[in-house]
Amino acid sequence: VELFEACQQQSSDLTRRKFTYANQLFVSLSDARLYLTGSSMNGLGCRSSDADMCLVMSRNRRGDAIHILSTLQRLFRSLSYVDNPQLIRAKVPILRFREKGSDLEFDLNINNTVGIRNTFLLRSYAYADLRIRPIILVIKKWARHSQINDASKGTLSSYTLVLMVLHYLQTLNEPVLPSLQKDYPECFSPFMELDLVPEGSKHIPPYISRNQSSLGDLLLGFLKYYAIDFRWDSHVISVREARALPKNNSHLWRNKYICVEPFENNNVARAVHEKSKFETIKFQFAESYRKLEQKKDLDSILPVRTVINEESSRR
Ligand code: UTP
Ligand code: MG
């Protein structure tokens, strides 16, 4: 709890993310809309998290995302307050840049609207039970410290990691979470107008779980689930279905080490495509489970004080 309180995003962090760039850089695009997505909006952000953004161009301005991002990159290079804009040609291309003189990083994509929808889905899960935000934040810190939380290096994106935690909490004998997509399909319809998406997620009441486990027990259980119980070779992690699904023959899952399906018809863990990285991930789960089970002390798997000091030093 202490770690969570020191690391969770503050309202001043959000204000900074919302206004610094949104106003200055995009004010002239009157027929486009800028959405803040990812952990700045889903309730699972740390003070050090980047700010993910999606620029939604209206129909008549839709074009190749790379083309639009390259144009923005040229524009940003001429601005004194933007540092080092980099075009990253991933499956969803992004323009990554920093605010000059600060460590706040921005990732901008074009028209990846599924990211707006799943941000608010995650937000609903984050607030469904008081334990969700602290446990996810600690697990994100653990994964970062264990060097298994970097999709650009072939390990887990934060998005994948969060879905793995939600799945674990859904599949306990006494679940801590339900499938919100199943219980409230009208709030998460993929056809809902984009502007209504943030509103939709506000009408979901907290989930009343009979599971009274402590954060410590849930953390240990999470590590154990992926260290020992989960069958990586034959199952898909499904948050939509709130259970592990047997892998079918779909090309999405064939020859994939980790399969996670949230919302979109996609394997969000596709970044893990090297066997060695998959082995590293499993090793970290197994080792951390062993240490935490033995010591029952968070410090045995994460240097808590150091992480708190790093986050507290951010402004
Ligand atoms: P991140 O993996 O950066 O997650 O994806 P995050 O919640 O912002 O975590 P931190 O705090 O920066 O580490 C950002 C957003 O990109 C979309 C999701 O909307 C996610 O919330 N995304 C990411 C996808 O839609 N699919 C993916 O495979 C990855
Ligand atoms: Mg992010």
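Per an unreviewed UniProt entry, the recorded name for the protein chain is polynucleotide adenylyltransferase, and the organism is Sphaeramia orbicularis.

### Quick word on the site of ligand 1
Surveying the vicinity of ligand 1 reveals 17 residues, the closest of which are Ser39, Ser49, Asp50, Asn118 and Ser158. A distance of 2.8 Å separates an oxygen atom of ligand 1 from a polar atom in the side chain of Asp50. A distance of 2.9 Å separates an oxygen atom of ligand 1 from a polar side-chain atom of Asp52. In isolation ligand 1 has 580 Å² of accessible area, and contact with the protein removes 83% of it. Looking at side-chain class alone, the shell around ligand 1 contains two nonpolar, nine polar and six charged residues.

### Structural notes on the sheet that holds strand S1 (residues 32-37)
In space, the five strands of this open sheet follow the order S1-S2-S5-S4-S3, with mixed pairing throughout. Among the strands making up the open sheet, the edge pair consists of S1 and strand S3 (82-88). Pairwise comparison of adjacent strand axes, ignoring direction, gives a mean angle of 25° for this sheet. Two strands pair when backbone bridges link them, and S3 and strand S4 (residues 94-99) are joined in this way by five bridges, in the antiparallel orientation. Considered in S4, the bridge of Ile88 is made with Ile94. Running at roughly 160° to S3, helix H3 (residues 65-77) makes contact with strand S2 (51-57), S3, S4 and strand S5 (105-110) of the sheet.

The rules behind the values
- Residues numbered from 1 in each chain as written.
- Chains lettered and ligands numbered in written order.
- Predicted model: local features only at pLDDT ≥ 70, side-chain atom pairs only at ≥ 80, totals over all residues.
- Heavy atoms only, no water.
- Near = heavy atom within 4 Å.
- Polar contact = N/O pair within 3.5 Å; in protein donor to acceptor, adjacent residues only side chain to side chain.
- Areas by Shrake-Rupley, 256 points an atom, 1.4 Å probe, with all protein chains shown as cover.
- Nonpolar A, V, L, I, M, F, W, Y, C, P; charged D, E, K, R; others polar.
- Pairing = 2+ DSSP bridges.
- Helix = DSSP H or I, 4+ residues; strand = E, 2+ residues; numbered from the N terminus.
- Axes fitted to C-alpha atoms, helices over the stretch in contact; angles between N-to-C directions.
- Contact = heavy atoms within 4.5 Å.

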